[in-house]
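# Residue-level structure breakdown
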Amino acid sequence: MRASEKIIEGLLWLSAVITILITIGIIWVLLSEAIDFFQVVSLVEFLTAKQWTPLFAQKEFGILPLVAGTLLTTGIAIAVALPLGLTIAIYLNEYAHARMKQVVKPMLEVLATIPTVVYGFFALTVVTPFLQTLIPKLAGFNALSAGMVMGIMIIPMISSLSEDAISAVPRSLREAAYGMGSTRLQTAFGVMVPAASSGIVVSVILAISRAVGETMIVAIAAGQQPRLTLNPLVPIETITTYIVQVSLGDVPQGSLEYKTIFAAGITLFIFTFALNNLSFWIKKKYQEKYD
Amino acid sequence: MTNSDINRLKDKAFQVFGVFCTLIGLVVLGIFLFDIILEGAKRIDWDFLTSLPSRRASRAGILTAWVGTIWILVLTTIIAFPLGVSAGVYLEEYSRKNKLSNFLEINISNLAGVPSIIYGLLGIEIFVRQMRLGNSLLAGALTLSLLILPIIIVTTREAIKAVPRSVRDGSYALGASKWQTIWNQVLPASFGGILTGIILALSRAVGEAAPLIVIGALAYVPFTPASPLDEFTVLPIQIFNWTSRPQEAFQTNAAAAIIILLIITFLLNGIAVYLRNRQQKKIKW
């Protein structure tokens, strides 16, 4: 009896520990291939060169254009999602009737469940043609519509998490503000948002991390031309798109070109890992302010 | 106008703006669904569902894609379900508050934030190359299992946490061992919540294309897979492939395939929401 209990506990422990093995696996895979890569290409060149052309005859390995493309689409996405998401969170918390909140919230959550390949199709076939009627110079593949659609996708992430943060602010603070004669707007921006700021910041950081790692929308709608620009109207390439591009092509496994996707992958991993830990740290540090 | 009038006006203005912002999201969602259905619905018929992929858009169907999707769903469930639930049970019921459990927790929340395409890089190296599974269903399902593992673990823990102490105490009082208590009381009581988590995780997996592209799932597979070691394609990859072709007819095909994919996704999410609501109503400990 006791032995079998011990065996079961051991098996359960093993499944929990597998999650650590996954992390070790990810880091090991990325590092081992990337180290091979960096024995040929210097880290300095990788981080400072301004061209990324590993698939051309004239090879250049500067990651900056891919990073620029990633930051550009992410920036556009956040510029769309942050004001919208935060306004929705405040509106649902301070203004909307409970009934309306009950209906609207799950409808917004639907946005987050739509597969990203579907969003990519939407960006390419609906949003880009629409934007082209407003901006005739807009290229068929561009950072603008990919970023905007990505912003729509992450609205529920920001609105939902920010709303949780705002509703966690104690009632007494809100009542004190009303007692001083504040309007709902003054209460929201003068008291609730500052009090919930750590939670809001966490939601934004997680949304940034999500946008940095997002793949299919940018792979479909943003183009495959790595270039060091902040112009949202021209085709660009993100880190994730590059990995997809190489995976679809017939680059021989084990070649230097093939190893570039792991170098790009580790760059992406470092970005998102840093962002996720930053949000975790903020959450830990400021969480118990009101308890 | 006095100051307080201005403030009241600003308050009203923000309220209107709030309604407007909330509606933007919903309106975009509406336009989007409307556009897809308008474009794709005319293409969906029995032939579309039962034809193999083809170079000619009008003859191309999604048979291999949806069969592949179902294969992937079943295999991923078989792999991720026991693994995720056991890890969740261990963390909630057995692990003591120490450095290891703390580390496990941070690690799982970190894994949840790793971009899906990175799981693809893990998959191609470990499952495709080291374990020599090739571009097979099994390699794809293993990759997606690791991807959705954090979701299953987290929701399993939440579900188990919701089972009150008294249920466990009652079981112990009757002389049951720890595992007997978990197996006979805690797991059945939390099964609804666990199931919700699994279905949510699967609805995530069903829409993933990026990691499967990286491990080498192909857009053109001229046969339906018959075993876990066969090559495969799934709906999102088929859609991606059609989307990236210039001809108008393929865009229509993509829209039609999207309708099928959305039906599957919404169906899974709907089941999860239904289960969650039922669970919340049913439980009155």
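Quick caveat, the model's predicted, so the values are computed rather than measured. (Residues numbered from 1 in each chain as written. Chains lettered and ligands numbered in written order. Predicted model: local features only at pLDDT ≥ 70, side-chain atom pairs only at ≥ 80, totals over all residues. Heavy atoms only, no water.)

## With respect to empty space enclosed by the protein
Residues and elements named next belong to chain B. Considering all chains together, one arrives at one cavity of 30 Å³ or more under this definition. Taken together, Thr69, Ile72, Leu73, Leu144, Ala205, Val206, Glu208, Leu212, Val234 and Pro236 form the lining of the largest cavity. The set of elements that each furnish at least two residues to the lining of the largest cavity consists of helix H3 (63-94) and helix H8 (178-207). In terms of residue count, H3 provides more of the lining of the largest cavity than any other element does, three residues in total. Classifying every residue of the lining of the largest cavity by side-chain character gives eight nonpolar, one polar and one charged. (1 Å grid on protein atoms, 1.4 Å probe; cavity = no way out; pocket = protein on both sides within 12 Å on 5 of 7 lines; lining within 4 Å. Points joined across faces, edges and corners; volume = space filled by probe spheres on them. Helix = DSSP H or I, 4+ residues; strand = E, 2+ residues; numbered from the N terminus. Nonpolar A, V, L, I, M, F, W, Y, C, P; charged D, E, K, R; others polar.)

## Here we look at the environment of Ile24 of chain B
All names here are of chain B. For Ile24, the location among the structural elements is in helix H1 (residues 3-40). Taking relative accessible area as the criterion, Ile24 reaches 24% and is therefore assigned partly exposed. For the pair Ile24 and Glu158, spaced 134 residues apart in sequence, the C-alpha separation works out to 33 Å. (Buried < 20%, exposed > 50% of the residue type's maximum accessible area, 1.4 Å probe, protein only.)

## Side note on the packing of aromatic side chains
To describe a pair of aromatic rings, you give the distance between the ring centres and the angle between the ring planes. For the coordinates displayed, the defined rule picks out 19 aromatic pairs over all chains. A ring pair is formed by Phe122 of chain A and Phe32 of chain B, whose centres lie 4.5 Å apart and whose planes are at 75°; its orientation type is edge-to-face. Note that Phe122 of chain A is positioned in helix H5 (residues 116-134) and Phe32 of chain B in helix H1, a pairing that runs across two chains. Among the aromatic residues, ring-to-ring pairing joins Phe37, Phe38, Phe46, Trp52, Phe61 and Tyr242 of chain A into one connected group. Directly above the ring of Tyr94 of chain B sits Lys178 of chain B, whose terminal nitrogen or CZ lies 4.6 Å from the centroid. (Phe/Tyr/Trp six-rings, centres within 6.5 Å; stacked < 30°, edge-to-face > 60°. Lys NZ or Arg CZ within 6 Å of the ring centre and 35° of its normal.)

## Things to note about the interface of chain B and chain A
Contacts between the two partners involve 75 residues from chain B and, on the opposite side, 71 residues from chain A. Overall, the association of chain B and chain A removes approximately 6,500 Å² of surface from exposure, summing both partners, and the carbon and sulfur fraction of that is 77%. Of all residues in chain B, Phe14, Leu121 and Phe240 of chain B give up the largest surface area on contact with chain A, accounting jointly for 10% of the area buried on that side. Seen at the junction of chain B and chain A, the total is three salt bridges. The shortest N-O distance in the salt bridge between Glu9 of chain A and Arg96 of chain B comes to 4.0 Å. Linking chain B with chain A are twelve residue pairs in polar contact (both at pLDDT 80 or more). Ranked by residues supplied to the side of chain B that touches chain A, first place goes to H1 of chain B with 20 residues. For the side of chain B that touches chain A, the class distribution of residues is 48 nonpolar, 18 polar and nine charged. (Contact = heavy atoms within 4.5 Å. Buried area = accessible area lost by both parts, 1.4 Å probe. Salt bridge = Lys/Arg side-chain N within 4 Å of Asp/Glu carboxyl O. Polar contact = N/O pair within 3.5 Å; in protein donor to acceptor, adjacent residues only side chain to side chain.)

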